[in-house]
Amino acid sequence: MERRRCRWVNLKNPRYIRYHDEEWGRPHYDDGYLFELLVLESFQAGLSWECILNKRESFRTAFDGFDCRKVAAYTQEKMDALAADPSIVRNRRKIAAAVNNARIFLTIQEEFGSFSNYLWHFTRGEQVVHRDGLLRASSPLSDAVSQDLKGRGMRFVGSVIIYSYLQAAGIIDDHEPECDFCCGRQRAKEQPLGIE
């Protein structure tokens, strides 16, 4: 019997199914993975997540495996090469933002010990779980994280992008109530601590 999934999943796209089933809404703590998601989410601005997901492997190749230190050291020549790469989204502003954001990501790591520590401190380590079926685009939590990241100099980190990022990182779990993938694993409190 087929397991039920959130209604937004394109069941004709195996990448989308895997992303929903194995990544989305599950707590993540690895800084490499969190940087990858940050880059991808910033490129999503104005596009669909499915479009970005379909180009994920091309992005991984183009951005040196999402190695934050390498991306932070990109020269203008490298950014020009990325802007000419047809396998990714060739938006010069987003490419420049990825490099800028990588540099700030590194400073946050130095300040907090890891970027994961920084993100999770906003909810005091608790996952925010919604089971009301509402489709949110932002929240007080995403507003706060967005404002802080912007204050540190990051770009393409508006509250809507950050809300999607927090879902991807599993800090927010918005699996629909009838989704079979919201059950069967240990859950954080329904009323989490922190800003949310």
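To start, this report covers the structure provided alongside it. Note that this is a predicted model, so its numbers are computed, not measured.

## Quick look at the side chain of glutamate 36
- With respect to the element layout, glutamate 36 can be found in helix H2 (residues 31–44).
- With a relative accessible area of 7%, glutamate 36 lands in the buried category.
- Among the polar contacts made by the side chain of glutamate 36, one reaches the side chain of arginine 56 at a distance of 2.8 Å.
- When residues no more than four places from it in sequence are discounted, the contact partners of glutamate 36 are Arg56, Arg60 and Phe66.

## A word on helix H9 (residues 140–151)
- Taking 1.5 Å per residue, twelve residues should reach 16 Å; H9 reaches 16 Å between its end C-alpha atoms and fits that length.
- Taken together, the buried positions of H9 are Leu141, Ser142, Val145, Ser146 and Leu149. One side of H9 holds all its buried residues, which, seen down the axis, span an arc of 125 degrees. Seen from the buried face of H9, the exposed residues on the opposite side, beyond 90 degrees, are Gln147 and Gly151.
- In this fold, the buried residues of H9 make contact with helix H7 (92–112), helix H8 (115–121), strand E1 (128–129), helix H10 (159–168) and strand E2 (172–173).
- Once H9 ends, the next one or two residues include glycine 153, with phi positive near 105 degrees.

Each value, and the rule that gives it
Residues numbered from 1 in each chain as written. Predicted model: local features only at pLDDT ≥ 70, side-chain atom pairs only at ≥ 80, totals over all residues. Heavy atoms only, no water. Helix = DSSP H or I, 4+ residues; strand = E, 2+ residues; numbered from the N terminus. Buried < 20%, exposed > 50% of the residue type's maximum accessible area, 1.4 Å probe, protein only. Polar contact = N/O pair within 3.5 Å; in protein donor to acceptor, adjacent residues only side chain to side chain. Contact = heavy atoms within 4.5 Å. Expected span 1.5 Å × (residues − 1). Arc of directions from axis to C-beta.

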